[in-house]
Amino acid sequence: MKQIRLNVNGSSYEVEVNDNERLVDVLRDKLGFKGVKEGCGVGDCGLCIVLVNGRPVNSCLVLAARLDGEDILTVEGLGSAENLHPLQRSYIEVGASQCGYCIPAALLVTHSLLSKNKRPSADEMRRHMRSVLCRCGSYLRFEEAVKVVVGDE
Amino acid sequence: MMHTHPEAPIIAGGVYTIASMIEKKIRPHHLIDISKIRELKQLEIGPEIVRAGALASHTALMETFAVSPAFSAFSQRYTSPSIANIATVGGSMALKSSTEDLITILLVHDAFIRVRTTEGLSELPLDQYLNMDIRHALVEEVRFLNPTTVSAMFEKIALGISYIPLISAAARLDRDGRGGWICRIATSHQRGEIPGRIHEAETIIQQQGPGDEAINNAAKAVESTIDPVSDLMAPSWYRKRVAAVLVKRLLLKLRDGEWP
């Protein structure tokens, strides 16, 4: 076991982890961030994506012990039920969420993209959204939500 | 550590390792993580040569060389940005696999690879490394021609959500400064599932120049030289044919200056 410090959603957590423990398990089972979803577990579906130092990363493919001292953002850190993030509001507005399982990852990928580029092209949006497998096929709605946020619609 | 624990394998790449652990293909008792060795993350960009540490990420390469058509295509046809953020140069090299687009691209950038074994450090051409059965070799660095100084392109036909290449190809076409041509051609499946350069096709272009007939002959040489695997995604003959088409297309675009 190893003691590490993770900065999750702006708060610091000391946590004991096994060397082979994945970030997704630590976030969900030890720290209670259930907004992090697991899908395929081998990096294909992207449902477990969180932001590590602002960049999207599949948390099923990263050992937690590697991230000692790093900044992590999960969907819980994006907004709250009382105070939704503008992206969350736009997802609701355009009806981007169907089953909802991929939405935490989709929101984080979109948030990361918009932090780097305030007006991403359609191609850029599509390339980034490839990170997330949405079985409901809501990709066009994800794009609409981004347009709402950047003020194109 | 390699001397004291010769039985310990060097496992390529964290992404691959963890996926393999989940699928129970490997069950390591102990893992020694080298991801915090800062020196291995460095990307040193010289006017002609780039040195990429084994832990430099694919994203770092894509962002640094976004103006290069080959690296731009690498980025456009990549599985997903979230994987590119954690996948490393060293991981790709150590895997020696057709799934690693970066190998095909670096082959046409005349890449050399520096590996550490129990016998010490050695540096060898990437093409040679891919054909050697080196065990217990730790990839430390890859050096290659600065992509902004050469004319190279990359293309792939991919399937599935992981964008695994059915076949991919890269080509480079430059003047050598003495009126001749420098040509490099590589595919993802030169032998089985191992990428490699197609020297026969390169020689045709270098000797005859990039005329229509020479390009056709180079494409035919690709088709007749490579020996790709047959698997669920495609039979070998199909991969050969598509490789020839991709190489012809790339050479024509390079010759005619049809940059994306």
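The rules behind the values
Residues numbered from 1 in each chain as written. Chains lettered and ligands numbered in written order. Predicted model: local features only at pLDDT ≥ 70, side-chain atom pairs only at ≥ 80, totals over all residues. Heavy atoms only, no water. Domains from an automatic or database assignment. Contact = heavy atoms within 4.5 Å. Buried area = accessible area lost by both parts, 1.4 Å probe. Salt bridge = Lys/Arg side-chain N within 4 Å of Asp/Glu carboxyl O. Buried < 20%, exposed > 50% of the residue type's maximum accessible area, 1.4 Å probe, protein only. Helix = DSSP H or I, 4+ residues; strand = E, 2+ residues; numbered from the N terminus. Pairing = 2+ DSSP bridges. Polar contact = N/O pair within 3.5 Å; in protein donor to acceptor, adjacent residues only side chain to side chain. Axes fitted to C-alpha atoms, helices over the stretch in contact; angles between N-to-C directions.

Undergrad: Could you give an account of the domain arrangement of chain B, naming the residues involved and the relevant values?
TA: Reports often express the size of an interface as the amount of accessible area lost when the parts come together. Residues and elements named next belong to chain B. Domains assigned within chain B are domain 1 (14-24 + 38-148) and domain 2 (151-255). Computed from C-alpha atoms alone, the centre-to-centre distance between domain 1 and domain 2 is 20 Å. In this complex, domain 1 contributes 23 residues to the contact, which on the side of domain 2 involves 28 residues. For the domain 1 and domain 2 pair, buried surface summed over both sides reaches about 2,000 Å², with 57% attributable to carbon and sulfur atoms. It is R77, S98 and V108 that lose the most area in domain 1 upon contact with domain 2, and together they represent 30% of the buried surface on that side. The salt bridge partner of D101 is K156, with a shortest N-O separation of 2.6 Å.

Undergrad: Give a description of the pairing of strand 3 (residues 49-52) of chain A that names residues and reports values.
TA: Residues and elements named next belong to chain A. The alternating pattern of strand 3 places I49 and L51 on one face and V50 and V52 on the opposite face, and all of these are buried. Alignment of strand 3 against strand 4 (residues 55-58), held across four bridges, turns out to be antiparallel. Each residue of the ladder has a partner; that of L51, found in strand 4, is P56. As paired elements, strand 3 and strand 5 (residues 71-73) share two bridges and run antiparallel to each other. Following the sheet pairing, V52 is matched in strand 5 by I72.

Undergrad: How would you explain the domain arrangement of chain A if you had to name every residue and give the values?
TA: Residue and element names in this part refer to chain A. Taken domain by domain, chain A holds domain 1 (2-77) and domain 2 (86-150). For domain 1 and domain 2, the distance between their C-alpha centroids amounts to 21 Å. Facing 15 residues of domain 1, the contacting portion of domain 2 comprises 14 residues. Of all residues in domain 1, L47, I49 and V75 bury the most surface against domain 2, accounting for 41% of the area lost on that side. The interface formed by domain 1 and domain 2 includes zero salt bridges. Here domain 1 and domain 2 share three residue pairs in polar contact (both at pLDDT 80 or more) between them.

Undergrad: Please set out the environment of W181 of chain B residue by residue, giving values where relevant.
TA: Residue and element names in this part refer to chain B. Residue position: W181 is located in strand 8 (residues 181-192). Distance from W181 to G209, taken between C-alpha atoms, is 6.4 Å for residues 28 residues apart in sequence. Here W181 is in contact with L173, D174, R175, D176, I205, Q206, G209 and P210, once residues within four sequence places are set aside.

Undergrad: Which residues make up the interface of chain B and chain A, and what values go with them?
TA: With 27 residues of chain B in contact, the opposing surface of chain A contributes 24 residues. Of the roughly 2,200 Å² buried between chain B and chain A on both sides combined, carbon and sulfur atoms contribute 56%. Counting the contacts that link chain B with chain A gives one salt bridge. R55 of chain A is paired through a salt bridge with E63 of chain B; the nearest N and O atoms lie 3.2 Å apart. Seen at the junction of chain B and chain A, the total is eight residue pairs in polar contact (both at pLDDT 80 or more). Tallying contributions element by element places helix 1 (residues 14-22) of chain B first for the side of chain B that touches chain A, with six residues.

Undergrad: Tell me about the side chain of S92 of chain B, and please be specific about residues and values.
TA: Residues and elements named next belong to chain B. Structurally, S92 can be placed in helix 5 (residues 89-95). Overall, the relative accessible area of 1% leaves S92 in the buried class. Excluding its chain neighbours within four sequence positions, the residues that come into contact with S92 are H58, E100, L102 and I103.

Undergrad: Got a sec to walk through the sheet that holds strand 1 (residues 43-45) of chain B? Specific residues and values, please.
TA: Residue and element names in this part refer to chain B. Taken together, the five strands give an open sheet; going across it, the order is 1-2-5-3-4, and neighbouring strands pair in antiparallel fashion. One side of each edge strand has no neighbouring strand; the edge strands of this open sheet are strand 1 and strand 4 (120-125). In this sheet, adjacent strand axes meet at a mean angle of 15° when their direction is disregarded. Taken together, the five bridges between strand 2 (residues 49-53) and strand 5 (residues 138-145) define a ladder with antiparallel strand orientation. Paired with I49 across the two strands is L145, which belongs to strand 5.

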